[in-house]
Amino acid sequence: MLPNKQGKFGPFGGRFVPETLMPALAELEEAYRRLKRDSGFRRELAWYLREYAGRPTPLYPARRLSEALGGHLRIYLKREDLLHTGAHKINNTLGQVLLARRMGKRRIIAETGAGQHGVATATAAALLGLECVVYMGAKDTVRQAMNVFRMELLGAKVIPVESGTQTLKDAINEAIRDWVTNVETTFYVIGSVVGPHPYPMIVRDFQSVIGREARRQILKLEGRLPDMVIACVGGGSNAMGIFYPFVRDQVVKLVGVEAAGQGLESDRHSATLTVGEPGVLHGMMTYLLQDRVGQIKGAHSIAPGLDYPGVGPEHAFLKECGRAEYVAVDDEEALSAFRLLSETEGIIPALESAHAVAYLVKIADRLPRDTIVVVNLSGRGDKDVAAVRDYLSGKTA
Amino acid sequence: MTGAEKVRQAIEEANRKARAALIPYLCAWDPDLETTRALLWALAEAGASVVELGFPFSDPLADGPTIQAATQRALRHQPSLEDFLEFVAGLYAEDYPLPIVVMGYYNPFFRFGLKRFAREAREAGLCGAIIPDLPLEEARPWLREARRRGLASVMLVAPTTPAERLERIAQVSTGFLYYVSVTGITGARDRLPEDLALRLDLCREVSPVPVAVGFGIARPEQVKMLAPHAEAIVVGSALVKIVEAEGSRAPEKVKRFVKDLVSAAERS
Ligand SMILES: Cc1ncc(COP(=O)(O)O)c(C=O)c1O
């Protein structure tokens, strides 16, 4: 069972944080391991996921998309876009905020890049009546002004982060600083399978509901396991969530799709596993985008949720041991897939999720007849339509 | 003498003169390396005992706004650890009198290679390192290399550290043990925790090496209050603020301020 006691997935993961936080991480791990086995907690979480968030989500056979790609594939979409707040993020925030409440913490903090995780955290905090503070890069608060307003409507306080590159990685730094300062009263809800142990494990477990459902659904619909599961990778939570229940099924090929942005040679991408190198950031040993001396580089993608220079340590491990494959598609490919899915299925995907679709489009011709492919549609594209319109009309997104 | 011994002796020497040792922190390359050099000499003339010299990192998650801003200024020079060690070697070639320990986040050291860093640090005359995002559980590889080269591996303990853990950390810390005064990040503060003196006394009871207290200490009165309770006192953000305001004219002011701090460190 991974991670091991030190929170390691092979050489990756661990706890590279200031000493002040070490006891809090131990307390969190202890509380989590206890509640994970507590049937009351599990029932409570399952109830909220069902009655509030809208689980289970359908595994939808995308027939017109299949036809558009040659008609030889059996493509299924895991519809996380249908969840409350529009993405898989709510699976994790409901879990963590319920955990926080059980641990007696009254104050919730979170980081957010595009605002999706911030909105999902503010939502769960409103639902459960806890105070919520969200850190967001100052640049992102301008780019994603609507999501700032959304969080405020939900009663959260949004704090713009002016340091560093003023984007997601700096928002995480600032959230960690807040946590270091207010650790006794505060619970930090991390938005992906990143950060110090036990976060990558906790977020993976909460997101694994995606893969458990998908596995059950495909067995019912097709009578066998899929040949391939594809998901986009930012921090890696939707991918880890759908991969995890399939990891032991060696016949199932797992593919994570990163953002190649404006091209892997351009320095304007987020393809951490594809071209990054191991290092330590945000409390974990993992693949990073960094320069020669170990300074962290800025990341780019047309999909704001993929714009992160690190990646979850368990993905780094799955890459190293060869269990999963990681590839990258660029902004243009993602945009084409965004339009294709809209036109063929009447589903406007999140730009992040469009990366997963785009990779399928890219390799469809090479796949044999009747290959069963499950694509994780991690979110819906409502949040992206304005940016896509601007991009298509010639302005930069 | 090893780097760790030099650090420890410099602190003990101040203690023999009935004062707490003063350990100023500065960020290298803030605002440029020439100013850093002048500042380091000013610190020596002002009577500091050991210097904590920051190597800037893009994501300083244990630091408050003052040191974050210094880091940003420093990073414009795109410094490398090679440059850092060359700078330190240059100082010692000019007989710089104080032991220097680097304070920096783990990734640049990891990327440089721990083995190589420890070897070249020793060659340059650097006396040790403080790595705030490398807690006990992750520190083994670094502790091994540091021990091999006699470098001070300064470990941190915090108000949240349980007593039994504090003892284990103190056992592996060399040069000194760094007690983080507050539950929080670096930065000048008006008030320090009320039980700080008591906690320091407990810490010193179990620590085989001298105990330094840092984070938030900015004024002579605070230094005076803490001097009887710690072997050494670290002052960072308050100095960095002077550098921020004065730029290349900072060394004179820093010298006067550090002199005041050194006097305040006397255990009357
Ligand atoms: C819809 C959607 N998909 C994917 C991601 C990427 O995150 P992760 O890789 O953790 O799933 C985000 C992040 O905001 C998102 O909003």
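Residues numbered from 1 in each chain as written. Chains lettered and ligands numbered in written order. Predicted model: local features only at pLDDT ≥ 70, side-chain atom pairs only at ≥ 80, totals over all residues. Heavy atoms only, no water.

With that out of the way, let us pick up the overall build of chain A. Each helix and strand in chain A was counted, giving 16 helices and 14 strands. Taking 21 Å as the expected radius of gyration for a compact globule of 397 residues, we find that chain A reaches 19 Å, a close match to that expectation. Counting only C-alpha atoms and orienting by the principal axes, one finds that chain A spans roughly 55 × 50 × 40 Å. Relative to its 397 residues, chain A shows a buried fraction of 65%. Taking all contacts inside chain A whose residues are at least 6 apart in sequence as the whole, residues at least 24 apart take part in 74%. (Helix = DSSP H or I, 4+ residues; strand = E, 2+ residues; numbered from the N terminus. Rg over C-alpha atoms; globule rule 2.2 N^0.38 Å. Buried < 20%, exposed > 50% of the residue type's maximum accessible area, 1.4 Å probe, protein only. Contact = heavy atoms within 4.5 Å.)

Here we come to the overall build of chain B. When helices and strands are counted, chain B shows twelve helices and eight strands. The globule rule puts the C-alpha radius of gyration for 268 residues at 18 Å, and the 17 Å found for chain B is close to it. In terms of overall dimensions, chain B has C-alpha extents of about 40 × 40 × 35 Å along its principal axes. Relative to all contacts within chain B whose residues are 6 or more apart in sequence, the contacts with residues 24 or more apart total 74%.

All names here are of chain A. Of all residues adjacent to the ligand, which total 18 residues, the nearest are Ser192, Gly234, Gly236, Ser237 and Ser378. Here an oxygen atom of the ligand and a side-chain polar atom of lysine 89 are 3.2 Å apart. Contact between the ligand and asparagine 238: an oxygen atom at 2.8 Å from a side-chain N or O atom of the residue. When the ligand is considered free in solution it has 390 Å² of accessible area, and contact with the protein chains removes 96% of it. Taking a 2 Å distance to the grid points as the criterion, the majority of the atoms of the ligand fall inside the largest cavity. (Near = heavy atom within 4 Å. Polar contact = N/O pair within 3.5 Å; in protein donor to acceptor, adjacent residues only side chain to side chain. Areas by Shrake-Rupley, 256 points an atom, 1.4 Å probe, with all protein chains shown as cover. 1 Å grid on protein atoms, 1.4 Å probe; cavity = no way out; pocket = protein on both sides within 12 Å on 5 of 7 lines; lining within 4 Å. Sits in = over half its atoms within 2 Å of the grid points.)

To continue, consider the pairing of strand E2 (residues 51-54) of chain B. All names here are of chain B. The alternating pattern of E2 places Val51 and Leu53 and Glu52 and Gly54 on opposite faces, both of which are buried. Relative to E2, strand E1 (residues 21-27) runs parallel, the two being bridged by three bridges. By the bridge assignment for E2, tyrosine 25 is matched with glutamate 52. One crossover worth recording links E1 to the parallel E2 by way of helix H2 (residues 33-46), and it is right-handed. (Pairing = 2+ DSSP bridges. Right-handed = clockwise from strand over helix to strand, strands pointing away.)

Membership of the largest hydrophobic core comes to 208 residues, with the highest contact counts inside it found for Phe243 of chain A together with Phe84, Phe117, Trp142 and Ile233 of chain B. Apart from residues lying up to four places away in sequence, phenylalanine 243 of chain A is in contact with Val229, Ala231, Leu254, Val255, Gly256, His315, Leu318, Ala324 and Tyr326 of chain A. Among the nonpolar cores identified, the runner-up in size contains 26 residues, and Ile230, Val257, Val327 and Ala358 of chain A belong to it. (Core = buried A, V, L, I, M, F, W, Y, C linked by side-chain atoms within 4.5 Å.)

Our focus in this paragraph is the sheet that holds strand E11 (residues 277-281) of chain A. Residues and elements named next belong to chain A. Across the sheet, which stays open at both edges, the four strands sit in the order E1-E2-E12-E11 with antiparallel pairing between neighbours. Edge positions in the sheet fall to strand E1 (8-9) and E11, since each of these pairs with one other strand and no more. Contacting E1, strand E2 (12-16) and strand E12 (283-288), helix H13 (residues 313-320) crosses the sheet at an angle of about 45 degrees to E12. (Axes fitted to C-alpha atoms, helices over the stretch in contact; angles between N-to-C directions.)

A few words now on helix H4 (residues 81-93) of chain B. All names here are of chain B. In a regular helix each residue adds 1.5 Å, so 13 residues correspond to 18 Å; H4 covers 18 Å between its end C-alpha atoms and thus fits that length. Regarding H4, the residues found buried are Leu81, Phe84, Leu85, Phe87, Val88 and Leu91. Along the axis of H4, the buried residues cluster in a sector spanning 155 degrees; they form a single face. Opposite the buried face of H4, at more than 90 degrees from it, the exposed residues are Glu86 and Ala93. Each element contacted by the buried residues of H4 is listed here: H2, E2, strand E3 (100-103), helix H5 (106-112) and helix H6 (114-124). One or two positions beyond H4, positive phi appears at aspartate 95, with a value near 60 degrees. (Expected span 1.5 Å × (residues − 1). Arc of directions from axis to C-beta.)

Turning our attention to the interface of chain B and chain A. Put simply, an interface is often sized by how much accessible area is lost when its parts join up. Each partner contributes residues to the interface: chain B has 37 residues there, and chain A has 38 residues. Interface area for chain B against chain A, summed over the two sides, is near 2900 Å², with a carbon-plus-sulfur share of 52%. For chain B, the biggest contributors to the area lost against chain A are Leu61, Arg111 and Glu138 of chain B; these three give 24% of the whole. Linking chain B with chain A are five salt bridges. In this structure, the salt-bridge partner of arginine 111 of chain B is glutamate 277 of chain A, at a minimum N-O distance of 3.4 Å. Elements that contribute at least two residues to the side of chain B that touches chain A include exactly helix H3 (65-75), H5, helix H7 (136-149), strand E5 (152-157) and helix H8 (163-172) of chain B. By residue class, the composition of the side of chain B that touches chain A is 20 nonpolar, nine polar and eight charged. (Buried area = accessible area lost by both parts, 1.4 Å probe. Salt bridge = Lys/Arg side-chain N within 4 Å of Asp/Glu carboxyl O. Nonpolar A, V, L, I, M, F, W, Y, C, P; charged D, E, K, R; others polar.)

Before going further, it helps to spend a moment on unusual backbone geometry. The residue after histidine 197 of chain A, namely proline 198 of chain A, is reached through a cis peptide bond having omega 15 degrees. Residue placement: proline 198 of chain A occurs in the loop between strand E8 (186-189) and helix H9 (199-207). Of the consecutive residues aspartate 30 of chain B and proline 31 of chain B, the connecting peptide bond is found in the cis state with omega at -10 degrees. Within the fold, proline 31 of chain B resides in the loop between E1 and H2. Residues other than glycine seldom take positive phi values, yet aspartate 370 of chain A does so here, at roughly 65 degrees. With respect to the secondary-structure elements, aspartate 370 of chain A resides in the loop between helix H15 (351-363) and strand E14 (371-377). Its identity as a non-glycine residue notwithstanding, aspartate 95 of chain B has a phi of 60 degrees, on the positive side. Tracing the backbone shows aspartate 95 of chain B in the loop between H4 and E3. For aspartate 95 of chain B, a relative accessible area of 63% puts it in the exposed group.

This part covers a positive patch on the surface. Residues and elements named next belong to chain B. Judged by side-chain charge, Lys115, Arg140, Arg144 and Arg147 come together as a positively charged surface patch. The greatest single-element share of the positive patch, amounting to three residues, is contributed by H7. Mapped onto the elements, arginine 147 comes out in helix H7. Using a relative accessible area of 60% as the deciding quantity, one classes arginine 147 as exposed. (Patch = residues over 30% accessible without salt bridge, like charges linked within 9 Å, V, L, I, M, F, W, Y side chains within 5 Å. Lys, Arg positive; Asp, Glu negative; His and termini not counted. Charge placed at Lys NZ, Arg CZ, Asp CG, Glu CD.)

So, on to the side chain of threonine 123 of chain A. Within the secondary structure, threonine 123 of chain A sits in helix H5 (residues 116-128). If we ignore the near neighbours within four places in the chain, the residues touching threonine 123 of chain A are Tyr52, His84, Thr85, Ile90 and Leu154 of chain A.

Take the environment of asparagine 92 of chain A next. Residues and elements named next belong to chain A. Mapped onto the elements, asparagine 92 comes out in helix H4 (residues 89-102). Judged by relative accessible area, which is 1%, asparagine 92 ranks as buried. Between the C-alpha atom of asparagine 92 and that of phenylalanine 41, which follows or precedes it by 51 residues, the distance is 14 Å. Contact partners of asparagine 92, with chain neighbours within four places excluded, come to His117, Ile190, Gly191, Val203, Phe206 and Gln207.

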